Structures are given as structure tokens and as C-alpha cells.
Amino acid sequence: MTTTLGWLRKQLAGIVALALILGLFLVARLPSVSAAEQDSMAGRFHFTPMTIALPAATKSQSIRTVNKEYEHIAAWISSVGAAIALNDISGSGKANDLCLVDPRSDQVVITPAPDSGPRYAPFALDPAPALPTWDYMAPMGCVPGDFNEDGRTDVLVYYWGRTPVLFLQKATATKFDAAAFQPTELVPGDNRGPDGKYDGPLWNTDSATIGDFDGDGHVDVFIGNYFPDSKVLDPTADGGITLNQSMSHATNSGGKYVFRWTGATSGAHPTARYADDSQGIPESARLGWTLASSATDIDGDGRPELYIANDFGHDHLLYNKSTPGHVSFGEVTGVRGITDPKSKVLGHDSFKGMGVDFGDLNHDGLYDLFVSNITTSWGIEESNFQFMNQAKDTADLTRQLKDGVAPFHDESATDGTAWSGWGWDVKIQDFDNSGENQIAQATGFVKGQVNRWPNLQELATAHDGLLSNPFWWPNARAGDDIAGDQTLHFFVKSPDGRYTDLAPKLGLAVPVPTRGIAVGDTDGDGLPEFAVARQWEAPIFYHNDSPNPGKFLQLKLTTDTPVAPGPLPAAGPPAIGAEVTVTTADGKKYLGRVDGSSGEAGRRSFDVQIGLGHDVAGPLDVHLQWRDRTGQLRQQDLKLAPGQYSYQLGTQAKEAK
């Protein structure tokens, strides 16, 4: 007995530790959704894949040319560039046009949504010969918008190896094709060298978003660069480049810029003018390897906050303090609780911010947000962020933001959205109008045959002092594979409030790396479709055939700015940033906004789409808020039955025919 007691005393610490670990496991282990319940949930959805028509390409590639110092990691450098947007670009009255970037051809393509028929021939937008180009630049994404305020949808294209270009629609165009767009520099200046080629700043842009940042009634542009200015894609260059100085707090990146709208013209030679107001970005947020961004007004004052998602370090939520003609942001951060890891506190994270979107996930009338990170088991297992808004109401939220506090708490682990894969773009959307938002997420990195996860794990644990020099990075060449078989994810809320990924049951789990998710109701039936940009694979369109959708409210909100007359139809000037709050009889709130392009490489349409479920009856209490063209904040309450409506927003909201 004495021997036994002695042994127990010696082992007591280990026994207590084991009991503690077991107890924590049992507490932390969360119930899973049964297969039968998943089948029932999946029965609400049905998506039909369709091929997207593309124009003839002048080149075909499966990996990029790169600076000589990047040659042994060419696959890594080649891992971005697929992007996609859904919107009404042609003036059809529906969000049935696609703007996509195809890295296989480095084309920026405008093409009809597959379910809308061959309304026009697909075509590519090229800045040359109107603007200078050079051999080693590549488009990375496109953002639709009305940048010269003439009511016709334009496209902002951003690049590696060049500053962004605005493709402005000509009011005088008689045919919807490439000739209908006028390439225009976003950044003022003459960038044409003596040889006629581009010799301006070598930006490497991976993110752009738009919103009326200064509250003057006109839409501004945020640009987030990734690599510092350098010849990333030039195979004749040897050096002059760098990589991130850290895996968790790198700040040796390209710059962040805000361009404030100052004027525009329309007609045969449209223009748009912007002033650099980047000093409004706090110094702490001006650097970081930016992959995604969102301009969303979370406190209801008519000025959008700016979320900047950065690879290799802190993301930034910037509270908008701007005044007309002067952009000004202040950084706000989360408060760390006693059980919160530092990296899961907003603004203090060290993860790989790859995508971001805002949406109300619990009907409290306040925006929550979702951020994609790298979450691969036995790889780099961080977690996604499902940041739930903890404020009591809008007044409490405003008070805390003014005090520098972002009252958001990550609930991804408890809600089942923490782990998915190598995350990219994300969209919060109600795809079956059930009244509950789903979360669609793109994942996957480099597809090949040779598994390079062990090498990447070595890099992830290496000393930060080695990382900025490409020499120390492990090989990632053509044929190497890192998360190449990961798929789309489609998180659906179960009856117990947790989410489960139904992509495998819905036929969406195709093992191809995906980048951007575009969302819009392309056929006008009140159900949102979505399209997916896939890295080094053909993009895909998913028509929404969900069998028993709920009721919905869909609003097309435009400003009352006159549309420039011309032979071709126009979509009308979108009221970017206008917000919609629907309150039902049971007190539930539903939020929607005219989104200025939240995400990583995918853009939703300008239509406000709110699913309401099956049980909503009678007129809805609908609250609209917007800024008119003078910058005046306007509000109006409406009583609307579920359905589709169009309103022009000026001094008041007027229903448009």
C-alpha cells in the first residue's frame, strides 16, 4: 500500500494534467450535425454548373514568368490572379454580366452570364494602345462601378507591375464591345517612357474597394498593394525584390492608397479625376501584405469603415472620421478576454487575412464579419474569424468605436466555421431566401503532383530573419502541390445555430483551387446565382435552382443623377453605400447594402438582396439610408411587400419605373 501511495504521489501532477486535458476535451467537443440532418438541409439548395463563354486568347500559360530570384518559387508567385465580378455592365436591367480575370491568358474579360444567352460576344479590355503597357504586367482583379457618374457601369482593373486603370464606358458607343470603353489612368500622371512603354510606379495590387469615404456624395477608391514596388514578373530582372519579413507581423509591403473623387466628364471621351488622400490612413495601417478589403458602414453614419485584410500579420479595421474633402481614419482594435488567444483578437491577429465580408449573422441589426485565413489540418492550422458584433445597439457601437474599441468576438470555433482550408474570398449571402445567411468560401493554393506541405511547415517555423530573402524559401515550382485538392465551402446554419459545410452534398466540392466568388441575381427571379474564379482552371457559373425558396426583398438603388444619353442602355448610377434595414413583425432585423466590392477576388452585384423566409406576411418596415450627391445624409421609411423594387435616391427615395 505504501508503495502504491508513493507512486500515486509521484504521478499526481501528471494525473491531474491528464484529467484536465480530458475535461477540456469533453467541454470543447461540439456536437456534429447528423448525416440525415445534413441531407435535409442540403435539400433546400440546388445549383446547376454552367460554362462561361470566353473570347479567343492571344496566349496560354499555366505558370507565370517571374524575377530570377523568384524562379524556385514560381508556383507560389503564380498563385493569384483569378478574379470575378457579377453586375449589370451592359445596361440590361439585370446583374447578368461577368467581369473576370483569367490568369491563363492574362485577359480581363466581359462576358454574358451563361443563363442570359449570347447577348453579345465576349471581349477583353486592354489598356493599350491608349495607355502605355509593358511586357511584364498582369491583371489581378476588376471592380465594377460608375466612376464618372454618367449612369453607365465602368470597370476598375488593378495589376501587378502597373498602377490601376479605369475603363470608362462611352455614352456615344453604338455597340457593346471593347471599343465602348475608354482606358483612363486612376493615378494622375504621364507614365509613358521614351520607348512608348509603361515606366510609372510598379505597383503590385491585390485588393481594391470603393465607397464614399469622405461623405461628399461621390465614390472614392481604396487600393491595397501586396509586394513593394518591384519587377515581380520580369524574368530578365535579377533581384530588386523581397518577400515578407515575418510570417506573423510583416510590414515591408507595398503601400495603401485612398483616391478621393474630384470630378468627371462623360460622352465620347469620358474622364474621371481623383486626388491622392492617402494621408488619411493611419501610419500603423499603411503597410501590410494586403489581399482583401471591404468598405462597409458599420455604425450607420453614412461613412464606410475600411477593413484591410493582410497576409502575414495584423488586419486593420479603420473607423471613418472623414469630412467632405478630407479622408481620415482611426484604427480600432478588439479587447482580449482572459480565454482569448491574441491572434484571435481583431486587429491583433497574426494570421493570413485572405478574404473578408460583412453581414448580419444573428438578426440583431448590427454587422458581423467573416475573415478567411489558412486553416489546413497538419498544414498551417490557424482559424477563420467569424467576428460577431458584441455591441448592444448602434449607439453603443458608435461609442466604442470612438473610444478605439472594436467590439467583435471570434465565434468561429463554437459556430463550426473555424477550419476549412487555405481560405480566400468569402461571401455572406442568403442563397435560398430562408432568412438565414450562408457563408460561401473559396479555398486551395497550388495544384500539382509533389506534396510541398512539409517544406512549407519548415518555412512557417523558420526564423523571421530568413523570410524576406527568397533564397531561403523551399521550392514551389510547376508540378508542386500545396492544398491543391481543396474545394469550395458552403456553410449553412443548422437548427442548433452551428454551421456545417454542405459543399460536398451540393456538388460544389470540386478539388480545384478557387479564388473569387461573385454573387448576383442574373435572371431576375429573386434567387442569387454565383460564379467562381479558379486559379489556372476555367471559371464556373452556378445557376440557382433552389426548389423551395422563401420570400425576399430585392432593391435596385440608384442615385438621381441623370444618365448620359446615348444609343446603348445604361444601368444607372448605383447608390454605393446605401443601407437597407428590414424589421419584421417578430422584431427580427435584416441588413443589406449596396456593396462597394467586399472580398478578395470576387464582387457581388449592386442589387440589395435580403432573404426573409417563408413565414413573413404583410408589409415590411423598410428603412433606407443614403448620402445624396451633395453629401447630405438622407433617411426614409417605407412599407413594402416582399418582392422586387427600384428606387432613385436623391433628396428623397422615389420609386423608379
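Nothing here was measured: the structure is a model prediction, and the numbers come from that model. (Residues numbered from 1 in each chain as written. Predicted model: local features only at pLDDT ≥ 70, side-chain atom pairs only at ≥ 80, totals over all residues. Heavy atoms only, no water.)

## So, helix H2 (residues 35-42)
Heads up, the condition is: When a residue's accessible area, from a 1.4 Å probe over protein chains only, is under 20% of the maximum for its type it is buried; when over 50% it is exposed; and in between it is partly exposed. Numbering goes from the N terminus for both helices and strands, where a helix is a DSSP run of H or I of at least four residues and a strand is a run of E of at least two. Throughout, the arc means the angular range of directions from the helix axis out to the C-beta atoms. When checking whether two residues touch, look at their non-hydrogen atoms; a contact exists if any pair is within 4.5 Å.
Buried within H2 we find Gln38, Met41 and Ala42. Along the axis of H2, the buried residues cluster in a sector spanning 95°; they form a single face. Turned more than 90 degrees from where H2 packs its buried face, Ala36 and Ser40 sit exposed. On its buried face, H2 sits against strand E26 (489-493) and strand E27 (499-501).

## Things to note about the sheet that holds strand E19 (residues 368-372)
Filter applied, for reference: Pairing between strands requires that DSSP locate at least two bridges from one strand to the other. Axis lines are fitted through C-alpha atoms, for helices just across the contact stretch, and the angle between N-to-C directions can take any value from 0 to 180 degrees.
Reading across from one edge, E18-E19-E20-E21 is the order of the four strands in this open sheet, with antiparallel pairing throughout. In the strand order of this sheet, the two ends are held by strand E18 (355-359) and strand E21 (408-410), each with one partner. For this sheet the average axis-to-axis angle between neighbouring strands, irrespective of direction, equals 20°. The pairing of E18 with E19 spans five bridges and is classified as antiparallel. When the sheet's bridge partners are listed, Asp357 is paired in E19 with Phe370.

## Things to note about the domain arrangement of the chain
Note: interface size is frequently given as the accessible area lost on complex formation between the parts. Put simply, the rule reads: Domain extents, as shown, originate in an automatic or database domain assignment. When two components associate, each loses some accessible surface as probed by a 1.4 Å sphere; the sum of these losses over both components is called the buried area. By definition, a salt bridge exists where a carboxyl oxygen of Asp or Glu is found within 4 Å of a side-chain nitrogen of Lys or Arg. For this analysis, a polar contact is any N or O atom pair within 3.5 Å, provided that within protein one partner can donate a hydrogen and the other can accept it, and provided that sequence-adjacent residues contribute only side-chain to side-chain pairs. Side-chain classes follow a simple rule in which Ala, Val, Leu, Ile, Met, Phe, Trp, Tyr, Cys and Pro form the nonpolar group, Asp, Glu, Lys and Arg form the charged group, and the remainder, Gly included, forms the polar group.
Domain annotation for the chain reports domain 1 (50-543) and domain 2 (552-655). The straight-line distance from the C-alpha centre of domain 1 to that of domain 2 is 24 Å. Contacts between the two partners involve 82 residues from domain 1, matched on the other side by 49 residues from domain 2. Sorting the residues of domain 1 by area buried against domain 2 places Arg152, His363 and Tyr367 first, and these three jointly supply 12% of that buried surface. If you look at where domain 1 meets domain 2, you find three salt bridges. Notably, a salt bridge pairs Arg593 with Asp357, separated by 3.3 Å at the nearest N-O pair. Linking domain 1 with domain 2 are 41 residue pairs in polar contact (both at pLDDT 80 or more). For the side of domain 1 that touches domain 2, the elements supplying multiple residues, two or more each, are strand E2 (83-87), strand E6 (138-145), strand E10 (205-211), strand E14 (289-296), E18, strand E22 (423-429) and strand E28 (514-520). In terms of residue class, the side of domain 1 that touches domain 2 is built from 29 nonpolar, 31 polar and 22 charged.

## Structural notes on the sheet that holds strand E15 (residues 305-311)
One open sheet accounts for four strands, arranged E14-E15-E16-E17; its pairing is antiparallel. Sheet topology places E14 and strand E17 (329-332) at the edges, where each strand pairs with a single neighbour. The average angle at which neighbouring strand axes cross in this sheet is 25°, direction not considered. Where E15 meets strand E16 (residues 316-320), three bridges bridge the pair, whose relative direction is antiparallel. Each residue of the ladder has a partner; that of Tyr307, found in E16, is Leu317.

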